[in-house]
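Chain by chain, the residues:
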Amino acid sequence: MIKRIILKNFLAHADTVIELGAGMTVLTGPNNSGKSSVVEALRCIATNPLPKHFIRHGAKVARVELEMDDGVRVAWIRKKATAWYEVTMPGSEEPEVYAKFGRRPPEDVLKLLRLNQVPLEGGNSLDVHIGNQRNPIFLLDQPSSVAAQFFASSSEASHLLAMQTELKNRVRTAKREKKFQQSKMVLIAEELDSLQDLPRVNLELDAARDLKVQSDKIADEIPVIENLMQHKSELEEIQANLIERRKGLADLQAGPELFPIFPLESVTSRIEQLHSHGYNLKKRSLSLDGITPPPELFPVQRLEAESARQVQLTRAEASQNMRSHVLKNLCSPPELEDVSFLSTIISNIVRNLNYRSGIAGRSKLLSPLAGPPELFDSSHLIQTLNNISSLKQSKKDMQKRMDDLEQSGRDLKTRIEKRLTEIGSCPLCGGDLEAEKLIGESSYES
């Protein structure tokens, strides 16, 4: 249910907020105070009509926003040449924008508004939510055939037809999506082709990393080898001393049997190994302190989404530039012609029509009369005949003038209808302009 209506620069409303109660809400006020504009705003956000004079004079953008009782806000924004929707869900800071959706509003927006029209056979539809001013509501102003179609819309046949239409729409949407995905795949393939050398670079980097690890191991083992070489030279010196001592002790008798030192040698060897291993670990730790941790991998999914978004924005910018280039050379709408001359011509036409009808009535009254008797004064008779001849000639001239005026009136009416068709709607009230109404009002004023 609608909770609040917000109108900004829409027709007569500069900045209007209407709070709707739980029951019925009644709008009252004098004429031209903007009551009908509220109904027109609901129709605009529900149907996205063709561009008309919805934008308030002096503004560039008109906005109609509805706030629902569940916290969802739906806004319809109208510029001179385009329109779009903004949907703000509860708890979200940024609205979701719907643009480039054609004449029919997006399905997501229609589901949120719940102001859909009832589809009928033949591609027509019936609005059961919004009615025009001074017209009966619902089906009271429709023929019986429309009412029958409406009440039959809940039958199985209508559901099947609706399902068939929905299936066609989904197939059309799927084809469009498939075409978009194919174009997207082509772009991705081109990007992958541009990155075809990346595996070779990765292999070279892996080989370089392996070489770096081996180099670090060798660099760590060099001090150990140096220690071993030094230890070897010490042992050789000790061995030479022992050989000298052995030569000096060769003549001595064998000494008593010593305590078994094998376990002691094993422990000593183990301690030396642990010392050597600890020294190696310390050297490795010192060599690894300067190495920075490996960088995090770039999120490929985000890159793909950003790439698709960039392609879409590029296409939208190109389309907008093309529209701007096409609309740049358009001239401003022509000024309205002066209707005073038209009013004068219409007044003359009406006056001549009345004069013609008077002449026709007189001619009808005089037709059954017999010719005048001969008079003695022939001059008077000749004068009378001359007058009758002049009257007949005047009648013929008047008839020809009336025909010319009628032809001029028809041509003028054609020009008026053509001009009104070019204008489209009244720039003041936004209503439809009809030539019959305009000529009738001018005739009445004259």
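Residues numbered from 1 in each chain as written. Predicted model: local features only at pLDDT ≥ 70, side-chain atom pairs only at ≥ 80, totals over all residues. Heavy atoms only, no water.

### Considerations on the overall build of the protein
Assigned secondary structure in the protein consists of 10 helices and eight strands. Buried residues in the protein amount to 17% of all 446 residues. The contacts in the protein between residues at least 6 apart in sequence include a share of 52% that link residues at least 24 apart. As displayed, the protein has an accessible area near 35,600 Å², and 58% of this comes from carbon and sulfur atoms. (Helix = DSSP H or I, 4+ residues; strand = E, 2+ residues; numbered from the N terminus. Buried < 20%, exposed > 50% of the residue type's maximum accessible area, 1.4 Å probe, protein only. Contact = heavy atoms within 4.5 Å. Areas by Shrake-Rupley, 256 points an atom, 1.4 Å probe, with all protein chains shown as cover.)

### Regarding the nonpolar core
Counting residues in each nonpolar core, the largest one holds 27 residues, and the members touching the most others are I5, F10, I45, L66, V74, W76 and L113. Contributions of two or more residues to this core are made by β1 (2-10), α1 (35-47), β3 (62-68), β4 (73-78), β5 (83-88) and α2 (107-113). If one sorts the elements of this core by residue count, α1 sits on top with six residues. Counting seven residues, the second largest nonpolar core, distinct from the first, contains L342, I345, I349 and L412. (Core = buried A, V, L, I, M, F, W, Y, C linked by side-chain atoms within 4.5 Å.)

### A few points about the sheet that holds strand β6 (residues 96-98)
Two orientations exist for strands paired in a sheet by backbone hydrogen bonds: parallel and antiparallel. Spatially, the six strands line up as an open sheet ordered β2-β1-β3-β4-β5-β6, and their pairing is antiparallel. Unpaired on one side and paired on the other, β2 (13-19) and β6 mark the two borders of the sheet. Taken over all neighbouring pairs, the strand axes of this sheet differ in orientation by 15° on average, direction set aside. Here β3 pairs with β4 via six bridges, running antiparallel. Residue pairing across strands places E65 opposite A75, the latter belonging to β4. Packing of α1 onto the sheet brings it into contact with β1, β2, β3, β4 and β5, and relative to β1 it is tilted by some 100°. (Pairing = 2+ DSSP bridges. Axes fitted to C-alpha atoms, helices over the stretch in contact; angles between N-to-C directions.)

### Comments concerning the packing of aromatic side chains
Enumeration over the complete set of coordinates arrives at three aromatic pairs. Taking 5.8 Å as the distance between ring centres and 5° as the angle between the ring planes, the aromatic pair formed by F10 and F54 counts as stacked. Note that F10 is positioned in strand β1 and F54 in the loop between α1 and β3, a separation of 44 residues in sequence. Given the relative accessible area of 0%, F10 is considered buried. (Phe/Tyr/Trp six-rings, centres within 6.5 Å; stacked < 30°, edge-to-face > 60°.)

### A look at the environment of T25
By secondary structure assignment, the location of T25 is in the loop between β2 and α1. Assessed through its relative accessible area of 35%, T25 is described here as partly exposed. Within the structure, T25 has its side chain in polar contact with the backbone nitrogen of G21 (distance 3.4 Å). (Polar contact = N/O pair within 3.5 Å; in protein donor to acceptor, adjacent residues only side chain to side chain.)

### Focus on a nonpolar patch on the surface
Together, M322, V326, L327 and L330 make up an exposed nonpolar region whose accessible area comes to about 430 Å². Relative to the helices and strands, M322 resides in helix α7 (residues 300-328). (Patch = residues over 30% accessible without salt bridge, like charges linked within 9 Å, V, L, I, M, F, W, Y side chains within 5 Å. Salt bridge = Lys/Arg side-chain N within 4 Å of Asp/Glu carboxyl O.)

### Here's the deal with the pairing of β3
Buried residues dominate β3, accounting for six of its seven residues. As defined by bridge partners, β1 adjoins β3 across six bridges and the pair is classed as antiparallel. Note on β3: the bridge partner recorded for I6 is E65.

### So, the side chain of T88
Structurally, T88 is set in strand β5. Excluding anything up to four places from it in sequence, T88 contacts G71, V72, R73 and P95.

### Concerning the confidence of the model for the protein
For the protein, the mean per-residue pLDDT works out to 78, and 77% of the residues sit at or above 70. Segment residues 441-446 is flagged for pLDDT under 50; beyond a separation of four residues in sequence, or across chains, it makes five contacts in the model. (pLDDT = per-residue confidence, 0-100.)

### Thoughts on the pattern of salt bridges
Throughout the structure, instances matching the rule amount to 10 salt bridges. For the salt bridge of E40 with R43, the shortest nitrogen-to-oxygen distance reads 3.2 Å. Here E40 and its partner R43 are both found in helix α1, three residues apart, which amounts to about one turn of the helix. In this structure E40 comes out as partly exposed when scored by relative accessible area, which is 24%. The partner of D206 in a salt bridge is R209, with the nearest N and O atoms 2.8 Å apart. Separated by three residues within a single helix, D206 and R209 lie in helix α5 (residues 198-248), roughly one turn from each other.

### Notes on unusual backbone geometry
One non-glycine residue, L11, adopts positive backbone phi at about 55°. Along the polypeptide, L11 turns up in the loop between β1 and β2. Overall, the relative accessible area of 27% leaves L11 in the partly exposed class. In this structure, N48 takes a positive phi of about 50° despite not being glycine. Relative to the assigned elements, N48 resides in the loop between α1 and β3.

### Points about the environment of S92
Structurally, S92 can be placed in the loop between β5 and β6. A polar atom in the side chain of S92 sits 2.7 Å from the backbone oxygen of M89.

### A short note on a positive patch on the surface
A contiguous patch of positive charge, built from K168, R172, K175 and R176, is present on the exposed surface. By the secondary structure assignment, R172 is in helix α4 (residues 156-194). R172 sits in the partly exposed class, given a relative accessible area of 46%. (Lys, Arg positive; Asp, Glu negative; His and termini not counted. Charge placed at Lys NZ, Arg CZ, Asp CG, Glu CD.)

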